[in-house]
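# A closer look at the structure
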Amino acid sequence: MKLKSLFYIILAITIFNCTKDKNNLTDVDRVFLNKTVDSIFELDQNTRLTFNIIDKKFGLNRNTFGKSEGFKRQYLDSLTYPLYKKSVDSIWSILKVNDSLNTKLLIDITKKYGFPNNKRLGVAQSKAYKIFSHAPRFYSKDVENLVIEEHKAGRMIEFKKEYILWHVNGRNGNPPMSGHRGEAIWQEPLDRNNR
C-alpha cells in the first residue's frame, strides 16, 4: 500500500512539473533566477570593465573604449601598442567565451521558466535583457525566436524585445527608445548632410 501511495505522489509531482505555468514563478524559482541572472550579469560586466583597466594601464583615457585601433595607435608609441593589443585580444577571447556561456544559460532559463523580467523577479530592473544583447552571432536566431515568443506570451515588453533584436541583428541604425508604456520608439536616422 505504501508503494502504491509513493507511486501516486511521484506521478503527481511529475505531472505538476511538466505542466508548470511559465507565467507564475514560485518563491524558490524567483530566488534562484535572481541569483543566477545577477551572477551572469556581474561576470559579463566585470569582464567588460577590464578593457577600461587596460586602457588606464596604458595611459589611454576612458573615452577610447570602442574606438578604432588606428585611433588608439595614435596615442601609443610603436613599442607600447603591441603590448596593448595583446592585452586587449586576450580579454576579447575571454569575453567571447563568457558571452557564449551566458547566452546559452539564459536561453535555457528562458525556455524553462520564461523570460526573467523585472516584474516576475520582483526587482526594479532585470539585467537579463542586457545579457541577451551581448549574444554572439551564432545564437542570434535562437535569441531572436525566443524573444519574439516571450513578447507574444507577455513576458517581455516591446522595447526590450526590439532592443535585443537591434543588438543581435547587427546594431544597424539608431537603437529603439522606450515609450511610457514600454513600447519601442524608433528615431529617424540623422541626415548628416542637411544640418
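What counts as what
Residues numbered from 1 in each chain as written. Predicted model: local features only at pLDDT ≥ 70, side-chain atom pairs only at ≥ 80, totals over all residues. Heavy atoms only, no water. Helix = DSSP H or I, 4+ residues; strand = E, 2+ residues; numbered from the N terminus. Buried < 20%, exposed > 50% of the residue type's maximum accessible area, 1.4 Å probe, protein only. Contact = heavy atoms within 4.5 Å. Core = buried A, V, L, I, M, F, W, Y, C linked by side-chain atoms within 4.5 Å. Salt bridge = Lys/Arg side-chain N within 4 Å of Asp/Glu carboxyl O.

We now examine the environment of Met 177. Position of Met 177 among the secondary structure elements: in strand E1 (residues 177-178). Looking at Met 177, the relative accessible area reads 39%, which means it is partly exposed. As a C-alpha pair, Met 177 and Lys 160 span 17 residues in sequence and 9.4 Å in three-dimensional space. Not counting chain neighbours up to four residues away, the residues in contact with Met 177 comprise Phe 159, Glu 183, Ala 184, Ile 185 and Gln 187.

Attention shifts here to the nonpolar core. Core analysis: the largest hydrophobic core is formed by 19 residues, its most contacted members being Phe 132, Val 143, Val 147 and Ile 164. Only helix H2 (27-57), helix H4 (80-113), helix H6 (128-133), helix H7 (140-152) and helix H8 (158-168) provide two or more residues apiece to this core. Element by element, the count of residues in this core is highest for H6, at 4 residues. Beyond its immediate chain neighbours, meaning those up to four positions away, Val 147 contacts Phe 132, Met 156, Lys 161, Ile 164 and Leu 165.

We now examine the pattern of salt bridges. Throughout the structure, instances matching the rule amount to 9 salt bridges. Across the pair Arg 30 and Asp 27 runs a salt bridge whose closest N-O atoms are separated by 3.0 Å. Taken together, the residues Arg 30 and Asp 27, both in helix H2 and 3 residues apart, mark about one turn of the helix. With its nearest N and O atoms 3.1 Å apart, the salt bridge here joins Asp 89 to Lys 85. With a gap of 4 residues between them, Asp 89 and Lys 85 both fall in helix H4, about one helical turn apart. Relative accessible area serves as the criterion here: at 29%, Lys 85 is assigned to the partly exposed category. One salt-bridge network, held together by shared partners, links Asp 44, Arg 48 and Asp 99.

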